[in-house]
Amino acid sequence: MDETDQRLIAALRRDGRAAVSDLAGQLGLSRATVRARIERLVARGEISGFTVLTRSDVAAAPVRGLMMLSIDGRGTERIVQRLLGLPQVQAVHTTNGQWDLIVEIGARSLPDLDETLLAIRRFEGVLRSETNLQLSSRKPSARL
(Lines give C-alpha, C1' and ligand atoms only; values in the text may rest on other atoms or scores of the structure.)
Protein backbone atom coordinates (compact mmCIF):
# COMPACT_ATOMS: atom_id res chain seq x y z
CA MET A 1 0.00 0.00 0.00
CA ASP A 2 1.55 3.28 -1.06
CA GLU A 3 0.92 6.85 0.09
CA THR A 4 -1.83 7.37 -2.51
CA ASP A 5 -3.68 4.28 -1.27
CA GLN A 6 -3.41 5.59 2.29
CA ARG A 7 -4.77 8.98 1.22
CA LEU A 8 -7.62 7.25 -0.63
CA ILE A 9 -8.53 5.19 2.43
CA ALA A 10 -8.39 8.29 4.62
CA ALA A 11 -10.78 10.07 2.24
CA LEU A 12 -13.15 7.09 2.28
CA ARG A 13 -13.05 7.03 6.09
CA ARG A 14 -14.16 10.66 6.12
CA ASP A 15 -16.92 10.03 3.59
CA GLY A 16 -17.55 6.46 2.51
CA ARG A 17 -20.23 7.68 0.11
CA ALA A 18 -17.96 10.07 -1.78
CA ALA A 19 -18.32 9.85 -5.53
CA VAL A 20 -15.35 8.45 -7.42
CA SER A 21 -15.14 11.75 -9.32
CA ASP A 22 -14.95 13.70 -6.03
CA LEU A 23 -12.25 11.37 -4.71
CA ALA A 24 -10.33 11.75 -7.97
CA GLY A 25 -10.46 15.54 -7.64
CA GLN A 26 -9.30 15.45 -4.01
CA LEU A 27 -6.41 13.12 -4.80
CA GLY A 28 -5.42 14.62 -8.15
CA LEU A 29 -6.05 11.32 -9.97
CA SER A 30 -8.30 10.18 -12.79
CA ARG A 31 -11.62 8.51 -12.00
CA ALA A 32 -10.40 5.30 -13.64
CA THR A 33 -7.31 5.26 -11.41
CA VAL A 34 -9.37 5.81 -8.25
CA ARG A 35 -11.85 3.09 -9.25
CA ALA A 36 -9.02 0.66 -10.04
CA ARG A 37 -7.27 1.42 -6.73
CA ILE A 38 -10.48 0.85 -4.76
CA GLU A 39 -11.09 -2.45 -6.56
CA ARG A 40 -7.46 -3.52 -5.90
CA LEU A 41 -7.69 -2.55 -2.20
CA VAL A 42 -10.89 -4.56 -1.85
CA ALA A 43 -9.42 -7.57 -3.72
CA ARG A 44 -6.30 -7.54 -1.51
CA GLY A 45 -8.39 -7.27 1.64
CA GLU A 46 -7.08 -3.82 2.64
CA ILE A 47 -10.69 -2.64 2.46
CA SER A 48 -12.79 -5.41 3.94
CA GLY A 49 -16.18 -3.81 3.47
CA PHE A 50 -18.37 -0.76 3.48
CA THR A 51 -21.01 -0.05 6.07
CA VAL A 52 -23.72 2.38 7.00
CA LEU A 53 -24.30 3.77 10.48
CA THR A 54 -27.89 4.88 10.88
CA ARG A 55 -29.41 7.29 13.37
CA SER A 56 -31.19 4.36 15.04
CA ASP A 57 -27.84 2.59 15.53
CA VAL A 58 -26.63 5.54 17.57
CA ALA A 59 -29.97 6.37 19.20
CA ALA A 60 -30.42 2.80 20.46
CA ALA A 61 -27.30 3.14 22.63
CA PRO A 62 -26.65 6.84 23.29
CA VAL A 63 -24.72 6.23 26.55
CA ARG A 64 -21.27 5.00 25.61
CA GLY A 65 -18.26 4.01 27.63
CA LEU A 66 -14.86 2.37 27.46
CA MET A 67 -14.20 -0.28 30.08
CA MET A 68 -10.64 -1.42 30.68
CA LEU A 69 -10.23 -4.88 32.19
CA SER A 70 -7.42 -6.74 33.89
CA ILE A 71 -7.85 -10.51 33.48
CA ASP A 72 -6.56 -13.30 35.70
CA GLY A 73 -4.15 -15.73 34.02
CA ARG A 74 -5.20 -17.39 30.79
CA GLY A 75 -8.90 -16.59 30.92
CA THR A 76 -8.84 -13.84 28.31
CA GLU A 77 -10.41 -15.78 25.44
CA ARG A 78 -13.19 -17.16 27.67
CA ILE A 79 -13.99 -13.64 28.92
CA VAL A 80 -13.87 -12.19 25.40
CA GLN A 81 -16.48 -14.74 24.29
CA ARG A 82 -18.74 -13.87 27.24
CA LEU A 83 -18.36 -10.15 26.53
CA LEU A 84 -19.26 -10.61 22.87
CA GLY A 85 -22.48 -12.31 24.00
CA LEU A 86 -23.69 -9.14 25.74
CA PRO A 87 -25.89 -6.95 23.49
CA GLN A 88 -24.41 -3.76 25.00
CA VAL A 89 -20.85 -4.70 23.99
CA GLN A 90 -19.97 -2.98 20.72
CA ALA A 91 -16.37 -4.24 20.44
CA VAL A 92 -13.61 -5.88 22.47
CA HIS A 93 -9.95 -4.97 21.94
CA THR A 94 -6.90 -6.75 23.31
CA THR A 95 -4.14 -4.42 24.38
CA ASN A 96 -0.82 -4.27 26.18
CA GLY A 97 0.22 -2.44 29.31
CA GLN A 98 -1.79 -2.20 32.50
CA TRP A 99 -5.04 -3.47 30.97
CA ASP A 100 -5.66 -6.71 29.07
CA LEU A 101 -8.89 -5.70 27.32
CA ILE A 102 -10.70 -2.54 26.32
CA VAL A 103 -14.45 -2.99 25.92
CA GLU A 104 -16.64 -0.53 24.00
CA ILE A 105 -20.08 -0.43 25.57
CA GLY A 106 -23.27 1.22 24.32
CA ALA A 107 -26.34 1.42 26.54
CA ARG A 108 -29.83 2.96 26.43
CA SER A 109 -29.36 4.75 29.76
CA LEU A 110 -26.98 5.23 32.68
CA PRO A 111 -28.80 2.56 34.75
CA ASP A 112 -28.46 0.15 31.80
CA LEU A 113 -24.75 0.94 31.56
CA ASP A 114 -24.38 0.45 35.31
CA GLU A 115 -26.05 -2.99 35.12
CA THR A 116 -23.75 -3.98 32.26
CA LEU A 117 -20.64 -2.87 34.15
CA LEU A 118 -21.73 -4.79 37.26
CA ALA A 119 -22.39 -7.92 35.22
CA ILE A 120 -18.94 -7.73 33.59
CA ARG A 121 -17.21 -7.16 36.93
CA ARG A 122 -18.85 -10.37 38.19
CA PHE A 123 -17.28 -12.48 35.41
CA GLU A 124 -14.95 -15.04 36.94
CA GLY A 125 -11.40 -13.99 36.10
CA VAL A 126 -11.97 -10.23 35.96
CA LEU A 127 -9.50 -8.80 38.47
CA ARG A 128 -9.89 -5.05 38.04
CA SER A 129 -11.74 -2.61 35.85
CA GLU A 130 -11.91 1.07 35.06
CA THR A 131 -14.61 2.73 32.99
CA ASN A 132 -14.67 6.07 31.22
CA LEU A 133 -17.83 7.58 29.74
CA GLN A 134 -17.60 9.00 26.26
CA LEU A 135 -18.90 12.56 26.53
CA SER A 136 -18.48 13.55 22.89
CA SER A 137 -16.91 12.14 19.75
CA ARG A 138 -15.20 13.86 16.86
CA LYS A 139 -14.01 12.54 13.54
CA PRO A 140 -10.91 13.80 11.75
CA SER A 141 -11.65 16.69 9.43
CA ALA A 142 -10.56 16.74 5.82
CA ARG A 143 -6.79 17.02 5.71
CA LEU A 144 -6.24 17.13 1.97
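Since this is a predicted model, take the numbers as computed values, not measurements.

1. A word on the packing of helix H1 (residues 3-14) against helix H3 (residues 31-43)
Step number 1: Direction vectors running N to C along H1 and H3 enclose 90°, while the axes themselves pass 11 Å from each other. Classed by the angle they form, the pair H1 and H3 counts as roughly perpendicular. Of the residues in H3, those touching H1 at Thr4, Asp5, Leu8, Ile9 and Leu12 are Val34, Arg37, Ile38, Arg40 and Leu41.
Step number 2: Of the residues in the contact of H1 with H3, the class split is six nonpolar, one polar and three charged.

2. Thoughts on the side chain of Gln88
Step number 1: Residue position: Gln88 is located in the loop between helix H5 (76-84) and strand E2 (89-94).
Step number 2: Sequence-distant contacts of Gln88, defined by excluding residues within four places in its chain, comprise Glu104, Ile105, Gly106, Asp112 and Thr116.

3. Quick look at the packing of aromatic side chains
Step number 1: Taken as a whole and assessed by the stated rule, the structure comprises zero aromatic pairs.
Step number 2: Over the ring of Phe123 we find Arg82; its NZ or CZ atom is 3.9 Å from the centre of that ring.

4. What about the pairing of strand E3 (residues 101-107)?
Step number 1: Most of E3 is tucked away: five of the seven residues are buried.
Step number 2: Across seven bridges, the pairing between strand E1 (residues 63-71) and E3 is antiparallel. Opposite Gly65, over in E3, you have Ile105 as the bridge partner.
Step number 3: Taking the residues that link successive antiparallel strands as the turn, the E2-E3 hairpin has six residues, and the phi of Gly97 there is positive, at about 90°.

5. Thoughts on the environment of Thr51
Step number 1: By the secondary structure assignment, Thr51 is in the loop between H3 and helix H4 (55-59).
Step number 2: Between the C-alpha atoms of Thr51 and Leu135, which are 84 residues apart in sequence, the distance is 24 Å.

6. A word on the pattern of salt bridges
Step number 1: Enumeration according to the criterion identifies five salt bridges in this entry.
Step number 2: The partner of Asp2 in a salt bridge is Arg37, with the nearest N and O atoms 3.1 Å apart. One end of the pair, Asp2, is in the segment before H1; the other, Arg37, is in helix H3, and 35 residues separate them in sequence.
Step number 3: For Arg37, a relative accessible area of 17% corresponds to the buried category.

7. With respect to the confidence of the model for the chain
Step number 1: Here the chain averages 89 in pLDDT, while 90% of its residues score no lower than 70.
Step number 2: Mean pLDDT across the secondary structure elements of the chain bottoms out at H4, with 64, and peaks at strand E4 (residues 126-133), with 97.

Scoring rules and cut-offs
- Residues numbered from 1 in each chain as written.
- Predicted model: local features only at pLDDT ≥ 70, side-chain atom pairs only at ≥ 80, totals over all residues.
- Heavy atoms only, no water.
- Axes fitted to C-alpha atoms, helices over the stretch in contact; angles between N-to-C directions.
- Helix = DSSP H or I, 4+ residues; strand = E, 2+ residues; numbered from the N terminus.
- Parallel < 35°, antiparallel > 145°, perpendicular 65-115°, else oblique.
- Contact = heavy atoms within 4.5 Å.
- Nonpolar A, V, L, I, M, F, W, Y, C, P; charged D, E, K, R; others polar.
- Phe/Tyr/Trp six-rings, centres within 6.5 Å; stacked < 30°, edge-to-face > 60°.
- Lys NZ or Arg CZ within 6 Å of the ring centre and 35° of its normal.
- Buried < 20%, exposed > 50% of the residue type's maximum accessible area, 1.4 Å probe, protein only.
- Pairing = 2+ DSSP bridges.
- Salt bridge = Lys/Arg side-chain N within 4 Å of Asp/Glu carboxyl O.
- pLDDT = per-residue confidence, 0-100.

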